[in-house]
Amino acid sequence: MMTTNKFEFALSLNLIVLTAALLVGVSQAQNSPTDFLSAHNNARANVSVGAMTWDATVAKYAQDYADLRKADCQLVHSTGGSYGENIAWSSSSNFTGVAAVNLWVAEKAFYSYPANTCQSGKVCGHYTQVVWRNSIRLGCGRVTCNNGGTFIICSYDPREFASMGRFSHMKLGSSVPRMSLLIVTMSLLIQTSQASPRPYDYLKGHNDARANVGVAPLVWNKTVAAYAREYASKRSADCNLIHSEGPYGENIAMGPGGGPFPVKYAVIMWLSEGRNYDYASNSCRGPGCGHYTQVVWRNSIHLGCAKVICDNGGTFIICSYDPPGNYIGERPY
């Protein structure tokens, strides 16, 4: 019998890149907790949302992760954390926390409140996380990297959770914080590509995670992939998070309109639930871990995935696993 992990997990992961041509010479005095808070709370006050408070625990998490990025300044999310997250990078050492927040808040222009969506072709997920009503604690970190750039992270507590569905799945859409990617370079906004993913793009994240726990890699299966493509096509009309109820194990995800949703980020977010899996008791903690356990399920050996851009501009992603995992009483590895 399959497990019935009835939960839906949503994580705000918002990403912004800034090049050296921007914000050079801005005062370094805009990096204190007060500065981060004021920039956030001014934006929240403008939409009648209560102020956040600085939280030392959240701030330590943010700074610890910023310190990890000091060596490379790469825009890699912390994924293992329990907070919502905005990150930013600049090749300038003068990039301040206030400047990062102001750029996130600038996306307000692209948010439609009546429709609760981003404008077509735009992203607004950085802004919606800044003003998210239920996020009440803030912690941020900043580091000057070895390459001379600046990495900034703000973490938000709590992040949103909901529960539904039979299999592990995740929604990033109108009712939850969005995952968005914005490239800012030489003062120009460049929309990233929605190029069709390759089997490798799906397999890489899965098999890296499986290798970490000593599980053999999955192999791409054309029959399983054809099933995933067929079902993704059915969801293109609405992008609704409805499971196929088919013969395979299944993870599904939905990304919002107005921004790219690369498949690797769907996999990363499924894997982020690894922190919620307790091997000793073979159980999930907190919001659940079913996405993760299916990815690393030892007896699942074939993978097939598909991605479709829906009529509403959103993105629907499905990964199917053969044989299915998450059997009650069995360990994933």
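Keep in mind that what you see is a predicted model, and the values were worked out from it rather than measured.

Trainee: Any chance you could break down the overall build of the chain for me, citing the residues and the numbers?
Mentor: The number of helices and strands found in the chain is 8 helices and 18 strands. Within the chain, the fraction of its 333 residues that count as buried is 53%. Nonlocal contacts in the chain, meaning residues at least 24 apart in sequence, comprise 75% of its contacts between residues at least 6 apart. Accessible surface for the chain amounts to roughly 13600 Å². Of this, 55% is attributable to carbon and sulfur atoms.

Trainee: Mind laying out the pairing of strand E7 (residues 137-144), listing which residues take part and the relevant values?
Mentor: By the criterion of burial, E7 is predominantly enclosed, with 6 of the 8 residues buried. Here strand E3 (residues 53-54) runs beside E7; their pairing, made up of 2 bridges, is parallel. Looking at E7, one finds that Thr-53 is bridged to Arg-137. Here 8 bridges tie E7 to strand E8 (residues 150-157), and the two strands are oriented antiparallel to one another. The residue of E8 that forms the bridge with Arg-137 is Asp-157.

Trainee: Could you give an account of the state of the cysteines, with specific residues and numbers?
Mentor: Tallied over the full model, the rule gives 6 disulfides. One disulfide in the model links Cys-284 with Cys-289; its S-S distance is 2.0 Å. Here the S-S torsion is close to -75°, and the disulfide linking Cys-284 with Cys-289 is therefore left-handed. Residue classification places Cys-289 among the buried positions, given a relative accessible area of 0%.

Trainee: Help me get a handle on the pattern of salt bridges, residues and values and all.
Mentor: With the rule as written, the count across this model stands at 7 salt bridges. Close ionic contact of Lys-204 with Asp-208 constitutes a salt bridge, the shortest N to O distance being 2.5 Å. Highlighted residues: Lys-204 and Asp-208, both in helix H5 (residues 199-212), separated by 4 residues, approximately one helical turn. Residue classification places Lys-204 among the partly exposed residues on the basis of a relative accessible area of 38%.

Trainee: So, the packing of aromatic side chains: which residues are in play, and what are the values?
Mentor: Counting across every chain of the model gives 12 aromatic pairs. Considering the side-chain rings of Tyr-277 and Tyr-292, the 6.4 Å spacing of their centres and the 45° angle between planes classify their relative orientation as tilted. Here Tyr-292 lies in helix H8 (residues 290-295) and Tyr-277 lies in strand E15 (residues 277-278), a separation of 15 residues in the sequence. Through a chain of ring-to-ring contacts, the aromatic side chains of Tyr-277, Tyr-279, Tyr-292 and Tyr-333 assemble into a single cluster. Lying over the aromatic face of Tyr-279, Arg-331 brings its terminal NZ or CZ to 4.6 Å of the ring centre.

Trainee: Quick rundown of the pairing of strand E17 (residues 302-309)? Include the residues and the values.
Mentor: With 2 bridges connecting them, strand E13 (residues 219-220) and E17 associate as parallel partners. Across the sheet, the residue bridging to Trp-220 is Leu-303, located in E17. Judged from the 8 bridges that link them, E17 and strand E18 (residues 315-322) form a sheet pairing that is antiparallel. Considered in E18, the bridge of Ile-309 is made with Thr-315. Two successive antiparallel strands, E17 and E18, enclose a turn made up of 5 residues, where Gly-313 displays a positive phi of approximately 90°.

So, how was this worked out
- Within each chain, residues carry numbers counting from 1 in the order of the written sequence.
- Local features are withheld for residues below a pLDDT of 70 in this predicted model, meaning they are given only at 70 or higher, and side-chain atom pairs are given and counted only at 80 or more; totals for whole chains, interfaces and linings count all residues.
- No hydrogens and no water enter the side-chain calculation; it runs on all heavy atoms of the structure.
- The numbering of helices and of strands both runs from the N terminus, where a helix is a DSSP run of H or I of at least 4 residues and a strand a run of E of at least 2.
- For every residue, the accessible area (1.4 Å probe, protein chains only) is compared with the maximum for its type, and the residue is labelled buried under 20%, exposed over 50%, or partly exposed between those bounds.
- Should any heavy atoms of two residues lie within 4.5 Å, those residues are counted as being in contact.
- Computed with a 1.4 Å probe, the accessible areas rest on the Shrake-Rupley method; for each residue, only the protein chains presented here act as cover.
- Pairs of strands are assigned from DSSP output, requiring at least two bridges between the strands.
- The definition used for a disulfide is geometric: two cysteine sulfur atoms within 2.5 Å.
- The term salt bridge refers to a side-chain nitrogen of Lys or Arg lying within 4 Å of a carboxyl oxygen of Asp or Glu.
- Each aromatic pair joins two rings of Phe, Tyr and Trp (for Trp, the six-membered one) with centres within 6.5 Å, and gets the label stacked for planes under 30 degrees apart, edge-to-face for over 60, and tilted for any other angle.
- Remark: a charge is flagged as sitting over a ring if the NZ atom of Lys or the CZ atom of Arg is within 6 Å of the ring centre and within 35 degrees of the ring normal.

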